[in-house]
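An overview of the molecular structure
These are the residues of each chain, in order.
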Amino acid sequence: MSETGALDSLLHEDRRFPPPEPFRRDALISDPAIYDEAAADPEAWWARWAAELDWYEPWHTVLEWTPPHAKWFVGGKLNVCHNCIDRHLEGPRRNKAALIWEGEPGDTRVMTYYGLHRRVAKFAHVLRNLGVEKGDRVAIYLPMVPEAAIAMLACARIGAVHSVVFGGFSPDSLADRIVDAGAKVLITADGGYRRGTLIPLKNNADRAMEHTPSIEHCIVVARTPSTARELDVRMSAGRDLWYHDLMRDIEGGVPCEPMDSEDNLFILYTSGTTGRPKGVVHTTGGYLTQCQATTRWVFDLKEDDRYWCTADVGWITGHSYIVYGPLANGATVFMYEGAPDWPNRGRFWHLCEKYGITVFYTAPTAIRAFMRWGEEWPAKYDLSQLRLLGTVGEPINPEAWMWYHEVIGEKRCPIVDTWWQTETGAIMITPLPGVTETKPGTATRPFPGIEAQIRSEAGEEVKAGYLAVTKPWPSMLRTIWGDDERFRETYWSKWPDTYFPGDGARTDDDGYFWILGRVDDVLNVAGHRIGTMEVESALVDDHRVAEAAVVGKKHDVKGQSIAAFVTLKEGHEPSTDTADELKQHVVEKIGAIARPELILFTVDLPKTRSGKIMRRLLQDIAEGRAVGDTTTLADPEVVRRLQQRYEEG
Ligand code: 6R9
C-alpha cells in the first residue's frame, strides 16, 4: 500500500471500543468531567496530585515558567525513595510484595516493601561509604535484576543522580555516557542472561573503564553462578568491589536525604539528530508527581493488582513504569529478566498465568512478534486474570491492536496506547481506560492537565502536521546535561514557548491524536530510538568507509530496520564480507540494537547542490518506492544508478 493509502485507511478506522461495562463500573476514573476539571486550572490540578506525595517542606509556588525552563513545586522538599518505599511501611503494605522477579533461567525472588526498604537503605549506606554524595553521578549498567531497581532507589535515597545505561549497549557507548555525566561509581554485574547465553557485562565495563577517569569504584553484582567461568570476571584491586561483600559488611541503612523539588533525580541518555546522545535531565517533585498520577489512572492501578511492564530499566519506560510510578503507588511490580521467546514463544503468557498478572504493558514491536508466532502460544495459558493492556514506544498498527484486543485481552480488556518520550518523563497522550472510547491505532487524548496541539511549521493549528505540547508539564525534562543550548535548540526553537517532540501527528473528527512517528533523523527500531547520525558515525569510524548515509526502512515486526548506504575509500572493494564486517563494527561501537539490516555500497550519495545528503530519496529507494522529486539534486544520475543497484540486490 502506498504511504497515503495507508494513512487514509488509518484515518478511516471506525471501529470503536467504549470501556467495557464491567471495567468501567470498577474503574478508578469513569467520569469524563475530569478533563474539564483539569483544564480549568492545570496548576491547581497538578498541585492536588503533588499533595498525594509526602513532603518534608511544602512548596510555595506550583510553577515558575521562564521558557524554556520550568520549575515545579518550588521550595518544596521531598525524597523519591521515601515516597516509593518508606511511606508504605506504616500499614498493610509493609508485608506486601513490592517486587516479584523471575530470571531467565527460571530462578525467582520476591521482595516485600519491608525487604526492599532494607536492601535499598543498606545499599544507600554502601554508596555513601564509598564517598558518593548528593549530586554525584552514579552509572548503572545492569541486567533486569532487582538490584537495578535497588541501585536506582538507593541513589535517590542519598540524592545521587543515576544514569542507567541499557545492558545491551557496547563498551564504547557505556564509556561515552559515563564520561559525559562524570560518574564516580559504576554498578554492573558479572553477566546477564539473554536467550540462554551470558552477556559479559563486567568485561564490557572493564573495556569502558579504560576510558573513564572519573570512575573511582565499580560495584559488581554476582548474577551468574560462580561456575560461569566463561565470563572470566576480573576484579581490579581497590577499584572493583562485589555487591554481596559490601552488603554483608555494612551495618544498617541510612535515612532519606531531603531533596529540593528541583534537584536532579536522574540523567538518561537518548538519541537525537546528531551523533552524540543527549543526557536528558529529570528532577524530583514534578517527575514523581506525574509518574504517580499517570500510573494510577492510566493503568487503573489498585491495591491487589499484579502489574507487569515488559520494558528494560535501561529505558525511560523502565524508570517511570517499572520503578518510580508503580512503587510510588505502593503496587506489586513483576519484573522479568529475559526474552519473550526463551525457552519458547509462550514464556510471557506462561508468566502471566504463573503470577496472575492483571495489568500488562508492552511495545507494538513485541505484539507484532507475538502475532507472527501464532495464537497457539497464548492459547496454551490461562490469561483470564488480565484486565488491562497497554502499549508504548511507537505507533501501533490497527491489525496489531486488534490482535492484542482479541487474542491477549480476550475482548475483555481495554487497551491504553500511551504516547510519551524520554524527554516527557511520563505519559502524555493516552486513553483513560474507564472513560475513553478507544479506536485501534490512536493514543486518543492528552492526559488531564496536559495540553497538546497539532501545528504547522508556522505554528498554526492544523489537522495534520507536527505534534506540539503547548503548556509546561510536571515531569518535563529540565535541560540536556551540560548542554542547555542544545536543549533550547532541539525542543524549543520551532515555535515560541512550545515544546516540539519531533513527532508528526494527525487529528480526526473526535479530536483524537494519531501519532505518525518521527519527523527528524531519529529511527525507531523495535521501539528503540536510534539516531541516523550515530550509526553513520559508527560506520565512518571503520577505516574503509568514506561516507555513509543511514535511513529507516519499513519492517513488519520492528516497525523500522536500518538501511545504510556506504561509499568506500579508494582501494576497497564492496563485498558481502565487508558488509558483514561493517554491520559487526556498528554492533561493537553502539550495541546490537543498532545493527544495520542492509548495507548497500554505492560510488556516490545523492546530494543537494549545497552538499546535503538527501535521505528522503534514499528512504524511497530502501523501501522500494518510486523516487520523489530529484530536481534539487546536484547529479540526478546518482539516484538512477543507486536504484538499479538496489533492484539488482
Ligand atoms: C516512552 C518512549 C519516544 C518516541 C516518540 C514517538 C515514539 C512512543 C508512542 C510513540 C506513537 C505511541 N512513541 N510512544 N509513537 N504512539 N504510543 O518510548 O520513549 O524511547 O524516548 O521514544 O517513541 O516517536 O517520540 P522514547
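Treat the numbers as computed from the prediction; the structure is a model and nothing was measured.

1. Considering the UniProt feature "domain: Acetyl-coenzyme A synthetase N-terminal" (unreviewed entry) in the chain
The UniProt record annotates "domain: Acetyl-coenzyme A synthetase N-terminal" (unreviewed entry) at residues 33-84. Regarding residues 33-84, the helix share stands at 42% and the strand share at 27%, and the terminal C-alpha atoms are separated by 29 Å.

2. Observations regarding empty space enclosed by the protein
With the rule as written, the count across this model stands at 4 cavities of 30 Å³ or more. Size it by volume and the largest cavity reaches roughly 50 Å³. Around the largest cavity sit Asn79, Val80, Ala156, Gly159, Ala160, Met259, Asn264, Leu265 and Thr284, which together line it. Per-class residue counts for the lining of the largest cavity are 5 nonpolar, 4 polar and no charged. In this model, the second largest cavity occupies a volume close to 40 Å³. Residue lining of the second largest cavity: Val164, Val165, Phe166, Phe169, Arg177, Leu268, Tyr269 and Gly314, and that is the complete set. Split into classes, the residues belonging to the lining of the second largest cavity amount to 6 nonpolar, 1 polar and 1 charged.

3. A short note on helix H12 (residues 316-328)
Burial runs high along H12: 13 of the 13 residues are buried. One or two residues past the end of H12 sits Gly330, with phi positive at roughly 70°.

4. A look at the UniProt feature "modified residue: N6-acetyllysine" (unreviewed entry) in the chain
Mapped onto the present numbering, the UniProt feature "modified residue: N6-acetyllysine" (unreviewed entry) falls on Lys612. With respect to the helices and strands, Lys612 occurs in the loop between strand E30 (598-601) and helix H20 (615-622). When its relative accessible area of 60% is taken as the criterion, Lys612 is described as exposed. With sequence-adjacent residues up to four places away left out, Lys612 is seen in contact with Pro606 and Lys607.

5. Considerations on the pairing of strand E7 (residues 161-164)
Of the two faces of E7, the one lined by Val161 and Ser163 and the one lined by His162 and Val164 are each fully buried. Where strand E6 (residues 137-141) and E7 come together, 4 bridges link them in parallel fashion. Considered in E7, the bridge of Ala139 is made with Ser163. Taken together, E6, helix H7 (residues 146-158) and E7 form a β-α-β motif whose crossover is right-handed. By the bridge criterion, 2 bridges tie E7 to strand E14 (residues 264-270) in an arrangement that is parallel.

6. Some points on the site of the ligand
In the neighbourhood of the ligand, 17 residues make up the surrounding shell, with Asp417, Thr418, Thr422, Asp503 and Arg518 lying closest. The separation between a nitrogen atom of the ligand and a polar side-chain atom of Asp417 is 2.7 Å. Considered on its own, the ligand offers 530 Å² of accessible surface; in the complex 96% of this is hidden by protein. Among the elements of the structure, H12 and strand E25 (513-518) are those that each provide at least two residues to the shell around the ligand. In terms of residue class, the shell around the ligand is built from 6 nonpolar, 6 polar and 5 charged.

7. A few points about the environment of Gly76
By secondary structure assignment, the location of Gly76 is in the loop between strand E2 (69-74) and strand E3 (77-78). A sequence separation of 39 residues divides Gly76 from Gly115, and the C-alpha atoms of the two residues are 29 Å apart.

8. Things to note about the sheet that holds strand E21 (residues 452-455)
Two pairing modes exist for strands in a sheet, parallel and antiparallel, and in both the strands are linked by backbone hydrogen bonds. In spatial order, the strands read E21-E22-E24-E25; together these 4 strands make up an open sheet with antiparallel pairing. Edge positions in the sheet fall to E21 and E25, since each of these pairs with one other strand and no more. Neighbour to neighbour, the strand axes of the sheet diverge by 40° on average, direction disregarded. Direction of pairing for strand E22 (residues 464-469) relative to strand E24 (residues 503-507): antiparallel, over a ladder of 3 bridges. The partner of Gly465 across the bridge, within E24, is Ala505.

Rules used in this analysis
- Residues numbered from 1 in each chain as written.
- Predicted model: local features only at pLDDT ≥ 70, side-chain atom pairs only at ≥ 80, totals over all residues.
- Heavy atoms only, no water.
- UniProt positions renumbered as here; feature names shortened; annotations may be inferred.
- Helix = DSSP H or I, 4+ residues; strand = E, 2+ residues; numbered from the N terminus.
- 1 Å grid on protein atoms, 1.4 Å probe; cavity = no way out; pocket = protein on both sides within 12 Å on 5 of 7 lines; lining within 4 Å.
- Points joined across faces, edges and corners; volume = space filled by probe spheres on them.
- Nonpolar A, V, L, I, M, F, W, Y, C, P; charged D, E, K, R; others polar.
- Buried < 20%, exposed > 50% of the residue type's maximum accessible area, 1.4 Å probe, protein only.
- Contact = heavy atoms within 4.5 Å.
- Pairing = 2+ DSSP bridges.
- Right-handed = clockwise from strand over helix to strand, strands pointing away.
- Near = heavy atom within 4 Å.
- Polar contact = N/O pair within 3.5 Å; in protein donor to acceptor, adjacent residues only side chain to side chain.
- Areas by Shrake-Rupley, 256 points an atom, 1.4 Å probe, with all protein chains shown as cover.
- Axes fitted to C-alpha atoms, helices over the stretch in contact; angles between N-to-C directions.

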